[in-house]
Each structure stands twice: as C-alpha cells, then as structure tokens.
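A structural walkthrough
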Amino acid sequence: MTDHDPKRLIRIAREGGGDDSPEPLNLGERVRELRKAQGWTLEQAAKRAGLARSTLSKIENGQMSPTYDALKKLALGLEISVPQLFTPPERGQVNGRLALTRNGSGHAHATTTYEHELLAETLTKKSMLPYRARIRARAMEEFEGWVRHDGEEFLYVLTGVVRLYTEFYEPFEMRRGDSAYYDATMGHNVISISEEDATILWVTSLT
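Residues numbered from 1 in each chain as written. Predicted model: local features only at pLDDT ≥ 70, side-chain atom pairs only at ≥ 80, totals over all residues. Heavy atoms only, no water.

Attention now goes to the layout of surface pockets. Rolled over the atoms, a probe with the dimensions of a water molecule shows which regions are left empty. What the second largest pocket holds in volume is close to 200 Å³. If you go around the second largest pocket, the residues you meet are Arg97, Ala99, Leu100, Thr101, Leu119, Ala120, Leu123, Lys126, Ser127, Met128, Pro130 and Val203. When the residues that make up the lining of the second largest pocket are grouped by side-chain class, the tally is 8 nonpolar, 2 polar and 2 charged. (1 Å grid on protein atoms, 1.4 Å probe; cavity = no way out; pocket = protein on both sides within 12 Å on 5 of 7 lines; lining within 4 Å. Points joined across faces, edges and corners; volume = space filled by probe spheres on them. Nonpolar A, V, L, I, M, F, W, Y, C, P; charged D, E, K, R; others polar.)

Turning our eyes to something else, we now look at the pairing of strand S7 (residues 179-183). Here S7 shows one buried face, formed by Ala180 and Tyr182, and one open face, formed by Ser179, Tyr181 and Asp183. Where strand S4 (residues 152-159) lies against S7, 5 bridges are found, and the strand directions are antiparallel. Within the sheet, the bridge partner assigned to leucine 155 lies in S7 and is alanine 180. (Buried < 20%, exposed > 50% of the residue type's maximum accessible area, 1.4 Å probe, protein only. Helix = DSSP H or I, 4+ residues; strand = E, 2+ residues; numbered from the N terminus. Pairing = 2+ DSSP bridges.)

Next up on the list: the confidence of the model for the protein. Of the residues in the protein, 83% reach a pLDDT of 70 or more, and the chain-wide mean stands at 84. The low-confidence segment residues 18-22, where pLDDT is below 50, has 2 contacts with residues more than four positions distant or belonging to other chains. (pLDDT = per-residue confidence, 0-100. Contact = heavy atoms within 4.5 Å.)

With that settled, the discussion passes to the packing of helix H3 (residues 42-49) against helix H4 (residues 53-60). Remark: H3 packs on H4, axes separated minimally by 9 Å, with the N-to-C direction vectors making an angle of 105 degrees. Between H3 and H4, the angle falls in the class roughly perpendicular. For the pair formed by H3 and H4, the contact residues are Leu42, Glu43, Ala45 and Ala46 on the first element and Arg53, Leu56, Ser57 and Glu60 on the second. Within the contact of H3 with H4, the residues separate by chemical class into 4 nonpolar, 1 polar and 3 charged. (Axes fitted to C-alpha atoms, helices over the stretch in contact; angles between N-to-C directions. Parallel < 35°, antiparallel > 145°, perpendicular 65-115°, else oblique.)

Read from one edge of the open sheet, 3 strands run S6-S5-S8, paired in antiparallel fashion. A strand with exactly one partner marks an edge of an open sheet, and here the two such strands are strand S6 (172-175) and strand S8 (188-192). Here the strands of the sheet are splayed against their neighbours by 25 degrees on average, with no regard to which way each runs. Inspection of the sheet shows strand S5 (residues 161-166) paired to S8 by 5 bridges, in the antiparallel sense. Each residue of the ladder has a partner; that of tyrosine 165, found in S8, is asparagine 189.

Turning to the sheet that holds strand S2 (residues 114-118), a few remarks are in order. Taken together, 6 strands build an open sheet; the order of strands is S1-S2-S3-S9-S4-S7 and the sheet is antiparallel. Looking at strand neighbours, the two that pair on one side only are strand S1 (107-110) and S7, the edges of this open sheet. Here the strands of the sheet are splayed against their neighbours by 25 degrees on average, with no regard to which way each runs. Note: S1 against S2, 4 bridges, orientation antiparallel. Looking at the pairing, histidine 107 lines up with leucine 118 of S2.

Here it is, written out as structure tokens:
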C-alpha cells in the first residue's frame, strides 16, 4: 500500500470510528434520542405524550420503567410506533448528527501525488469518508500502479481540470462542476492537466 493510496485514509477513518459491535438498547437513551431528533424539550415532548415532565425525565434517566400505557403515549407523542422505541437506529447511527468543517480546518495528509484534507472527522461510525484533495500528479507514471479499495466513490471537480483514469474505461477529462461515480475496486487514478493544481471533492463509502 503506497502513501497516496486512499486505503490509508479509509483505515484512518475506520480506526477512529470506535467499536461497531452492537450494544444492548437503553430505553431511556432511545427516548431521549428520539425526542432530540425532533428538536423538542422535555416539556414539549411530555405535553405531546400527555405525561408529566418529571415522568418523562425519570424514563430518560432510567429511574422509572414505563407502563405499557405510558409507552403507547410516548410513541404517539413521538409520532412513531411502540416497537420503534425498542429498535436501535439503523446501522447504529444517531438521528440528527451533524459535523461542520470550516474551510481549511480539515486534517491534512500530504503525499507526492495528492494532498488530502479529511472532512467531518468528528463523526464516528460514518458510512462515508468525505475529503477534499489537491491533485499534484501530472502524469500516470507518478503512481505506483492503480489505486483500488473497497466501496464506491464520488468525485466532483472544484477547480482546475483533471483527467480521470480508470481500469476499464478510456480516460475522462473533467472540468469544474463535472462529477463521476464509480466502483472503487476498479483501478483508478486522477491527474491534474491544468497549469495549477486542480482541487476535487472525493466521497468514499466505508460500508
């Protein structure tokens, strides 16, 4: 694996993603998560569910086991079904997650061919790895063979002009605003053919 291989970035992202093993569902945390996903305060959610604020607070903090009648009121108030109260979020993701990366504040990984800037690093268990890249390479000979890795990849040209080389297709010349979506297990490399280093947005799937 060479330094410019995106496999290294994917490994970095996965290593920072924490333990993906399933954990027992905590009803209180699940209720709090669903409430916050709606953007409701304790008072607002309790009012919608027809429960006292103190009751909802005790449920969320694991200090009270709700009756089935209370569960039905909770589900109705949260606009979900009762089984959804006991169903973990799909793929273990928390509803309403957000990460803001200011321009130029991403973690940089410079190589001889690309200069990567990792984005949304604060989010764990991501399904995608977004990063901005400055393309330094000007010829295919600068690479040590094809880059290949698991998943799919989306490429969007931000500035300059690039040429996308792939294992099974003729090279594509791409300008600002052009994009490509491809199977990342297929060999691929990108070079800049503009006078300045081109910049692109890359989004790679991690699942």
